[in-house]
Amino acid sequence: MKKYQRIILRILFTVVIGALAVSMITPFLWMLSASMKLPLDVMKLPIEWIPKYFYPDNYKKVWNVGGLAARNYHFGLAYWNSLKIAAINLTGSVLTSTLAGYAFAKIKFRGRNVLFLIYLATMMIPSQVTLIPKFVMFNKMGLTGTHLTLILPGLITITGTFLMRQYFMQIPDELRESARVDGAHEFLIWLKIMVPIAKPNMASLAMVVFLWNWNSYLEPLVFLNDWRLYTIPIALTNFIEESVTEYNLIMAAAASALIPAFLVFLLGQKFLVKGLVAGAVKG
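Residues numbered from 1 in each chain as written. Predicted model: local features only at pLDDT ≥ 70, side-chain atom pairs only at ≥ 80, totals over all residues. Heavy atoms only, no water.

A.B. asks: Looking at this model, I keep getting lost on the side chain of Asn 81. Mind explaining?
C.D. replies: Looking at the element boundaries, Asn 81 is found in helix α4 (residues 75-106). When sequence neighbours within four positions are dropped, the list of residues in contact with Asn 81 reads His 147, Arg 228, Leu 229 and Tyr 230. (Helix = DSSP H or I, 4+ residues; strand = E, 2+ residues; numbered from the N terminus. Contact = heavy atoms within 4.5 Å.)

A.B. asks: Mind showing me how you'd approach the packing of aromatic side chains here?
C.D. replies: Each aromatic ring pair is described using two quantities: the centre-to-centre distance and the angle formed by the ring planes. In this structure the tally under the stated criterion is 15 aromatic pairs. Measuring from ring centre to ring centre gives 6.5 Å for Phe 116 and Phe 162, while their planes differ by 15°; the resulting arrangement is stacked. With Phe 116 in helix α5 (residues 112-121) and Phe 162 in helix α8 (residues 158-169), this pair connects stretches of sequence that are 46 residues apart. Among the residues examined, Phe 116 registers a relative accessible area of 6% and is labelled buried. Residue Phe 162 is classed as partly exposed on the basis of its relative accessible area of 27%. These aromatic residues form a ring-pair network of at least three members: Trp 63, Tyr 73, Phe 75, Tyr 79, Phe 210, Trp 214 and Phe 239. (Phe/Tyr/Trp six-rings, centres within 6.5 Å; stacked < 30°, edge-to-face > 60°. Buried < 20%, exposed > 50% of the residue type's maximum accessible area, 1.4 Å probe, protein only.)

A.B. asks: Whenever I open this one, the packing of helix α9 (residues 173-181) against helix α10 (residues 186-197) confuses me. Can you help?
C.D. replies: Helix packing for two helices is described by the angle between their axes and how far apart those axes are. The geometry of α9 relative to α10 is characterised by a closest axis approach of 10 Å and an angle of 140° between their N-to-C directions. By the angle class used here, α9 and α10 are oblique. The two elements α9 and α10 meet at a crossing, and its hand is right-handed. Mapping the contact onto sequence places Leu 175, Arg 176, Ala 179 and Arg 180 in α9 and Glu 186, Ile 189, Ile 193, Met 194 and Ile 197 in α10. In terms of residue class, the contact of α9 with α10 is built from 6 nonpolar, no polar and 3 charged. (Axes fitted to C-alpha atoms, helices over the stretch in contact; angles between N-to-C directions. Parallel < 35°, antiparallel > 145°, perpendicular 65-115°, else oblique. Left-handed = near helix turned anticlockwise from the far one by under 90°. Nonpolar A, V, L, I, M, F, W, Y, C, P; charged D, E, K, R; others polar.)

A.B. asks: I would appreciate a short explanation of the pattern of salt bridges in the present structure.
C.D. replies: Should the charged atoms of two oppositely charged side chains come close, the side chains can pair. Taken as a whole and judged by the stated rule, the model has 7 salt bridges. Across the pair Glu 186 and Arg 180 runs a salt bridge whose closest N-O atoms are separated by 2.9 Å. For Arg 180, a relative accessible area of 41% puts it in the partly exposed group. Through salt bridges with shared partners, one network takes in Arg 176, Glu 177, Arg 180 and Glu 186. (Salt bridge = Lys/Arg side-chain N within 4 Å of Asp/Glu carboxyl O.)

A.B. asks: Teacher, can you tell me more about unusual backbone geometry here?
C.D. replies: Excluding glycine, a negative phi dihedral is what most residues carry, and trans is how most peptide bonds are arranged. For the bond running from Leu 45 to Pro 46, omega is 0°, close enough to zero to count as cis. Looking at the element boundaries, Pro 46 is found in the loop between α2 (39-42) and α3 (57-62). Unusually for a residue other than glycine, Asn 64 sits at a positive phi of about 55°. With respect to the helices, strands and loops of the structure, Asn 64 is situated in the loop between α3 and α4.

A.B. asks: What should I look at first to understand α10 in this one?
C.D. replies: The α-helix winds at 3.6 residues per turn, so residues separated by three or four positions along the chain end up facing the same way. The terminal C-alpha atoms of α10, which comprises 12 residues, lie 16 Å apart, in line with the 16 Å expected from a rise of 1.5 Å per residue. Taken together, the buried positions of α10 are occupied by Ile 189, Trp 190, Met 194 and Val 195. One side of α10 holds all its buried residues, which, seen down the axis, span an arc of 150°. Looking at the buried residues of α10, the elements they touch are α4, α8, α9 and α11 (199-215). (Expected span 1.5 Å × (residues − 1). Arc of directions from axis to C-beta.)

A.B. asks: What am I meant to see in the nonpolar core here?
C.D. replies: For soluble globular proteins, nonpolar side chains are generally found buried alongside one another. Ranked by size, the top nonpolar core spans 22 residues in total, and within it Val 62, Phe 75, Trp 214, Ile 232, Phe 239 and Met 251 carry the most contacts. When near neighbours in sequence (up to four residues on either side) are disregarded, Met 251 contacts Trp 30, Met 31, Ala 34 and Ser 35. With 18 residues, the next largest nonpolar core counts Ala 179, Val 195, Leu 205 and Val 209 among its residues. (Core = buried A, V, L, I, M, F, W, Y, C linked by side-chain atoms within 4.5 Å.)

See the structure below:
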């Protein structure tokens, strides 16, 4: 009897997981379908999941290929801006998180634990609360309306520092001590011993940071006031006009914006679970 109960529970579990997977992928499939339709067909009910005809010119209009678009949406420039900001913040945050995580985990100094607790306490402050102080600071520094307002805060991530610290705490101190006996200083120990060991965790952190910056909407909305500086989430509003919203072009732009995120996830997925779990196991 217990054997049949296990089989039934396994079937029910599979059905529930399958239903959740279908519900999550449905908006993605609708986006791809809508990106190939004419404006009048996007909101047609019942939904035509497979259009009777495909209209790939929507993508040409988004990227302004061949002058098909009624106006230039500057989507290519926004794409470049997003890539630049995400790449810089990815590099900076992984570097600073690895250095700070190593310091908090392996270097003993007065007030280390208290400082780390204060550092972690800032995670409880919603990012929306700090928008006005950051805007005032950047305005007085003359940085408002530049990409530095998005790059400078993104070079340091508290979550990344926490994950790297937890990971480094699992590495035996004997490795560090043996290197010190051989005459290696702290930076050399970090570079030659700790970094190679922590590469999986660094890769998972890099993927998460890239997706954070790629999908960021609120900060660019507040700090950027020039269309030349827009990132993709803000540039999507260019397809909304006074009289009409071109949903087919918005969906084509959104589908195009998924490509880097999909590639990053595809390349880094094997490190994601391994890195995050390893960083959260031991504290």
